Amino acid sequence: MNQSHYNKDLFSFLSSSPTPYHAVSGIEDVLRLRGFIQLQENEHWQLEKGCSYFLTRENSATIAFTLGSDEERDHGFRMLAAHTDSPCLQLKPRPDIKIGTYHQLGVEVYGGSLLGSWFDRDLSVAGRVVCEMADGQLAVLLVDFKRPMLTIPSIAIHFNRDANTNNSIDRQKHLPPIIAQAVDKQLPKFKSLLLDQLTLEHPKAMIKEILASDLFCYDFHGPIYIGINNEFISSGRLDNLLSCHAGMMALAHSDRTKNSFLFCANHEENGSTSATGAHGSFIDSVFERIVPHAEAKRISLSNSFLISMDNAHAAHPNFMDKIDPAHEIHLNKGPVIKLNANQRYATNSLSAATYMHICKEVDITPQEFVMRSDMPCGSTIGPITAARLGVKTIDIGAPTLAMHSIRELTGSCDPFLLYQTIVQFLSCNTHRQLSK
Ligand SMILES: [Zn+2]
């Protein structure tokens, strides 16, 4: 695999993953194809060494693992973690709004979105719908309209002379996107458009009624290379599908001789406290079923190492006053180790050294990020999983500009550089030597 093949696969994953549900479904497809066996949480498991497994919780978080053939379980796991969700606009349960001749949809803000970036975009809608079927059963169906059907027009500068100096956005009033206009006729409710789309995408499904849904707006335009030499990748949801993709690819293509583990969690962008988030029980409950004996589990976790992957802030050339001058992060210079004195990131000298050693083996020099001391620092799932499991953890990520914008920017080299380091992590013996 080279960089161009890798990026092609990443583009396809990003395009087909407008929501966490689609991302998880795509990850499941790849793992199934690579011989991973699907488990169900509500069934009894009989796990065998030398085999690979995966399971999904509520369509939006997934765990995959390989039980290595030549290692005892107490030798620990090479663990990877990332998150499936991205900041965006979520449709309200009764979204229909009529103002004048316009049909609009009510939205809530999901996560810490850069709201200004959602205006004047070509938006589509995708997500998960729970239906009552003709046989009386409930069924979950994924939906993706895959066409530009919504827009949030900016207010013209003539009505807002301060727009370039003080542009505040009222989330209730200013964000509802326009979906249609009708002068004479009655506009259909969004639910009936949704039913039409579901019927189109699932022609064999006998849908009686839509009961509930989790639907999100997304940028209709997919990932592209940008820059005179295609130096950059511009796309929605790079944070953090770039890392989910890297973890999925590394695990799916690993040689299955080592114990390895991938956790793609939901709800990182709003605090991780849910059944599918890193604060939830998913990772712990799966781990205790892999290693049921309490002491063996503690030994195994003590011998494990977790790489928590989430995008890192690159230095913005127009805002150099926002960065610590000794920790200037650049696109295309590879993975970033994220450090914070107050444990907003889980990295410490032990885990940083372990990862640096792994990078050295593949001739990659990682960058090191700390926030300016006079600015608050973001966080990720690294400290949460480290605290829950007591496992040695590092927070790393691909350098990114415009984080949490509807379109984010990374270097064309960065996804593959990240991938190479975690492939090495899954195959080398480094973490075991250094964990002693
Ligand atoms: Zn993130």
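Since this is a predicted model, take the numbers as computed values, not measurements.

Draft legend 1. Layout of the sheet that holds strand β18 (residues 392–397). Ordered in space as β1-β2-β3-β13-β4-β14-β18-β16-β17, the nine strands form an open sheet in which the pairing is mixed. Edge strands, defined here as strands with exactly one partner in the open sheet, are β1 (37–38) and β17 (367–369). Note: strand β4 (residues 78–83) against strand β14 (residues 305–309), four bridges, orientation parallel. Across the sheet, the residue bridging to Leu80 is Ile307, located in β14. The sheet strands contacting helix α5 (residues 282–290) are β2 (52–57), β3 (61–66) and β13 (260–265), and the helix crosses β3 at an angle near 25°. The strands touched by helix α7 (residues 349–361) are β14, β16 (336–338) and β18; relative to β18, the strand with the most contacts, the crossing angle is about 60°.

Draft legend 2. Quick look at the domain arrangement of the protein chain. Taken domain by domain, the protein chain holds domain 1 (3–86 + 236–434) and domain 2 (88–219). Using C-alpha coordinates to define each centre, domain 1 is positioned 31 Å away from domain 2. The interface is formed by 15 residues belonging to domain 1 together with 18 residues belonging to domain 2. When grouped by side-chain class, the residues that make up the side of domain 1 that touches domain 2 number three nonpolar, nine polar and three charged.

Draft legend 3. How the structure looks around the pairing of strand β6 (residues 102–110). By the bridge criterion, eight bridges tie strand β5 (residues 88–99) to β6 in an arrangement that is antiparallel. Residue Leu89 lies in a different strand from β6, and its bridge partner there is Val109. Here β5 folds back onto β6, and the loop between the two strands holds two residues, one of which, Gly100, carries a positive phi near 60°. Relative to strand β9 (residues 178–181), β6 runs antiparallel, the two sharing three bridges. Bridging from a neighbouring strand, His103 pairs with Ala180 of β9.

Draft legend 4. Region of interest: the packing of helix α1 (residues 3–15) against helix α9 (residues 414–427). The contact between α1 and α9 brings their axes to 9 Å, and the two run at 100°. By the angle between their axes, α1 is roughly perpendicular relative to α9. Residues Gln3, Tyr6, Asn7 and Leu10 of α1 touch α9, and the partners they reach there are Pro415, Phe416 and Tyr419.

Draft legend 5. The sheet that holds strand β10 (residues 207–219), seen in detail. Sheet architecture is open: six strands sit in the order β8-β7-β10-β5-β6-β9, paired in antiparallel fashion. Because the sheet does not close on itself, it has two edges, and the strands there are β8 (138–144) and β9. Averaged over all neighbouring strand pairs, the angle between strand axes comes to 25°, with direction disregarded. Relative to β8, helix α2 (residues 20–33) is tilted by about 100°, and along the sheet it contacts β7 (123–133) and β8. With respect to the sheet, helix α3 (residues 190–201) is in contact with β5, β6, β7, β8 and β10, its orientation differing from that of β10 by roughly 95°.

Draft legend 6. A look at the pairing of β13. By the criterion of burial, β13 is predominantly enclosed, with six of the six residues buried. Residues Ser260, Leu262 and Cys264 point to one face of β13 and Phe261, Phe263 and Ala265 to the other, with burial holding for every one of them. Alignment of β4 against β13, held across six bridges, turns out to be parallel. Bridge pairing in β13 places Ala81 opposite Phe263.

Draft legend 7. How the structure looks around the nonpolar core. Ranked by size, the top nonpolar core spans 77 residues in total, and within it Ile63, Leu80, Ala81, Leu262, Cys264, Ile307 and Ile422 carry the most contacts. With residues up to four places along the chain from it excluded, the contact list for Cys264 reads Val24, Ile27, Ala61, Thr62, Ala82, His83, Thr84, Cys244 and Gly247. Counting residues in hydrophobic clusters, the runner-up holds 25 residues, among them Leu91, Leu105, Val125 and Phe216.

Draft legend 8. Expanded view of the environment of Ala386. With respect to the secondary-structure elements, Ala386 resides in helix α8 (residues 381–389). A residue is classified by how many C-beta atoms lie within 10 Å of it, and Ala386, with 23 of them, is buried. A sequence separation of 285 residues divides Ala386 from Thr101, and the C-alpha atoms of the two residues are 53 Å apart. Residues within four places of Ala386 in sequence aside, it is in contact with Leu306, Ala346, Val391 and Thr393.

Conventions used here
Residues numbered from 1 in each chain as written. Predicted model: local features only at pLDDT ≥ 70, side-chain atom pairs only at ≥ 80, totals over all residues. Pairing = 2+ DSSP bridges. Helix = DSSP H or I, 4+ residues; strand = E, 2+ residues; numbered from the N terminus. Contact = placed C-beta atoms within 7 Å. Axes fitted to C-alpha atoms, helices over the stretch in contact; angles between N-to-C directions. Domains from an automatic or database assignment. Nonpolar A, V, L, I, M, F, W, Y, C, P; charged D, E, K, R; others polar. Parallel < 35°, antiparallel > 145°, perpendicular 65-115°, else oblique. Buried ≥ 20, exposed ≤ 12 C-beta atoms within 10 Å, placed from the backbone. Core = buried A, V, L, I, M, F, W, Y, C linked by C-beta atoms within 7 Å.

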